[in-house]
Amino acid sequence: MLVTPSVSRPITRARPFLKWAGGKTQLLEQLTAHFPVELPAGRVTRYIEPFIGGGAVFFHVAQTYRVEEFFIADINDELVVAYTTVREDVASLLEVLAELQAHYFGLTATAQAEFFYQVRARYNSAQAGFDFSGYNSGWIERTAQIIFLNRTCFNGLFRVNSKAAFNVPFGDYKNPTICDAANLKSVSALLQRTRIRRGDFTICQEFVNADTFVYFDPPYRPISKTANFTSYSKYDFDDAAQLRLARFYRELHQRNAKLMLSNSDGGDNFLVQTYQGFNITRVKANRMINSNARKRGEIDELLITNYPERFAREVQLTFPD
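Residues numbered from 1 in each chain as written. Predicted model: local features only at pLDDT ≥ 70, side-chain atom pairs only at ≥ 80, totals over all residues. Heavy atoms only, no water.

## Examining the pattern of salt bridges
Under the defined criterion, the tally for this structure stands at 12 salt bridges. Two residues, Glu88 and Arg87, come together in a salt bridge whose shortest N-O distance is 2.9 Å. Under the relative-accessibility criterion, Arg87 is labelled buried at 17%. Across the pair Asp200 and Arg244 runs a salt bridge whose closest N-O atoms are separated by 2.9 Å. (Salt bridge = Lys/Arg side-chain N within 4 Å of Asp/Glu carboxyl O. Buried < 20%, exposed > 50% of the residue type's maximum accessible area, 1.4 Å probe, protein only.)

Here is the structure:
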């Protein structure tokens, strides 16, 4: 059962509190143009995002349209810990983050790097024995560590190795915002009416009906043999998983749910053939996570929807804050 917010409407518009590989902030305008017409018309009652990541689309939808219920999920344990903690006890989280930020800013540049690696080591060493089964007070410190590492690591990435250890190096940023109190309070208020689950994309199945809009943003297929980045969790998302997702997409289509899926255009027609019969649109996006700056730049991404998109732009409505 969803929690009814007991706090006043936040003044600050909530935005992603974690930087995530493949985040959709830069694509929001293009994605919005392809939303189902039922969403701005107020005929979508439930929004579901089974690969939540940084949550840019979720935050946009939740604060722009009149949707009653929200369901977000991810197979990444750490993401579930972070979102749940922000929802359940943002005040305690902010206390820990404020202490981390004050300590970090009081260090020399060399000492900041040393402190980063100390936090990373503590975070990784605690992983094996950490209780991910349900929210507890230990989740506060771990979420603070996740946010700290995300804000101070190189390129703001979350990446793990085969042993699920966070392995991104120090980023050497000047005055990173570690404790963004206003945004985290706004995120917490928004999450009060949001179900949060840990699991793969099929975990949302029981909540999908004809009045639902589901946005899928799975780990992208690599655009080259050297561009593979699916290590945001210890679980691989290979072509077999992509095909399983496509079958699930077709199952939900039979329920008359409104579906949108994003993925990279690998240039081999794998996804075009896999989603044959649905609407497929190519959009431009900037890929910024390659460690080689010369290999970053504009690429084609695919938007796959199961509904007619004509008139989508004309019926966009603006609701008061």
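## What to know about the nonpolar core
Counting residues in hydrophobic clusters, the biggest one holds 64 residues, and the most contacted among them are Phe17 and Phe58. Each residue touching Phe58, except ones within four places of it in the same chain, is listed here: Tyr47, Glu49, Ile52, Phe70, Ile72, Leu190, Leu191 and Thr194. (Core = buried A, V, L, I, M, F, W, Y, C linked by side-chain atoms within 4.5 Å. Contact = heavy atoms within 4.5 Å.)

## Details of the side chain of Glu301
Along the chain, Glu301 falls in strand β7 (residues 297-305). Here Tyr220 takes part through its side chain, which lies 2.9 Å from a polar atom of the side chain of Glu301. (Helix = DSSP H or I, 4+ residues; strand = E, 2+ residues; numbered from the N terminus. Polar contact = N/O pair within 3.5 Å; in protein donor to acceptor, adjacent residues only side chain to side chain.)

## Examining helix α3 (residues 77-88)
With 12 residues, α3 should reach 16 Å at 1.5 Å per residue; the first-to-last C-alpha distance of 16 Å fits that figure. Along α3, 11 of the 12 residues are buried, which leaves the element largely enclosed by surrounding structure. Residues of α3 that are buried include every one of Asp77, Glu78, Leu79, Val80, Val81, Ala82, Tyr83, Thr84, Thr85, Val86 and Arg87, and no others. (Expected span 1.5 Å × (residues − 1).)

## Overview of the confidence of the model for the protein
In low-pLDDT regions, the fine details of the predicted coordinates are not to be read closely. Confidence in the prediction for the protein averages 87 pLDDT; 84% of positions are at 70 or higher. Taken as a whole, residues 310-321 scores under 50 in pLDDT and shows 20 contacts with residues more than four places along the chain or in a different chain. (pLDDT = per-residue confidence, 0-100.)

## Digging into the packing of aromatic side chains
Considering all chains together, one arrives at 26 aromatic pairs under this definition. Measuring from centroid to centroid gives 4.8 Å for Phe130 and Phe132, while their planes differ by 65°, and the two rings are edge-to-face. A ring pair is formed by Phe216 and Phe248, whose centres lie 6.2 Å apart and whose planes are at 85°; its orientation type is edge-to-face. Here Phe216, found in strand β4 (residues 212-216), pairs with Phe248, found in helix α8 (residues 239-253); they are 32 residues apart in sequence, far enough to count as distant. Of the two residues, Phe216 and Phe248, neither departs from the other in class, the shared state being buried. Here a set of aromatic residues connected by ring pairs shows up, and it is made of Phe51, Phe201, Phe216, Phe237, Phe248, Tyr249, Tyr275 and Phe278. The side chain of Arg142 reaches across the aromatic face of Tyr123, ending 4.0 Å from its centre. In this arrangement the basic side chain of Arg142 is found over the ring face of Phe130, its NZ or CZ atom lying 5.0 Å from the centre. (Phe/Tyr/Trp six-rings, centres within 6.5 Å; stacked < 30°, edge-to-face > 60°. Lys NZ or Arg CZ within 6 Å of the ring centre and 35° of its normal.)

## Quick word on helix α5 (residues 109-125)
Across its 17 residues, α5 extends 25 Å between first and last C-alpha, which sits within 8% of the 24 Å expected from 1.5 Å per residue. Of the residues making up α5, those classed as buried are Ala111, Gln112, Ala113, Phe115, Phe116, Val119, Arg120 and Tyr123. The secondary structure elements touched by the buried residues of α5 are α3, α4 (90-105) and α6 (138-152).

## A word on the environment of Leu252
With respect to the helices, strands and loops of the structure, Leu252 is situated in helix α8. Sequence spacing of Leu252 and Val208 is 44 residues, and the spatial spacing of their C-alpha atoms is 7.3 Å. Leave out the neighbours within four places in its chain, and Leu252 touches Val208, Val214, Phe216, Ala257 and Leu259.

## A look at the environment of Tyr307
Mapped onto the elements, Tyr307 comes out in the segment after β7. For Tyr307, a relative accessible area of 4% corresponds to the buried category. Note: C-alpha distance between Tyr307 and His253 (54 residues apart in sequence) is 9.4 Å. Beyond its immediate sequence surroundings of up to four residues, Tyr307 is in contact with His34, Phe35, Pro36, Phe213, Lys258, Leu259, Met260 and Asn279. Engagement of the side chain of Tyr307 in a polar contact is seen with the backbone oxygen of His34, the distance being 2.7 Å.

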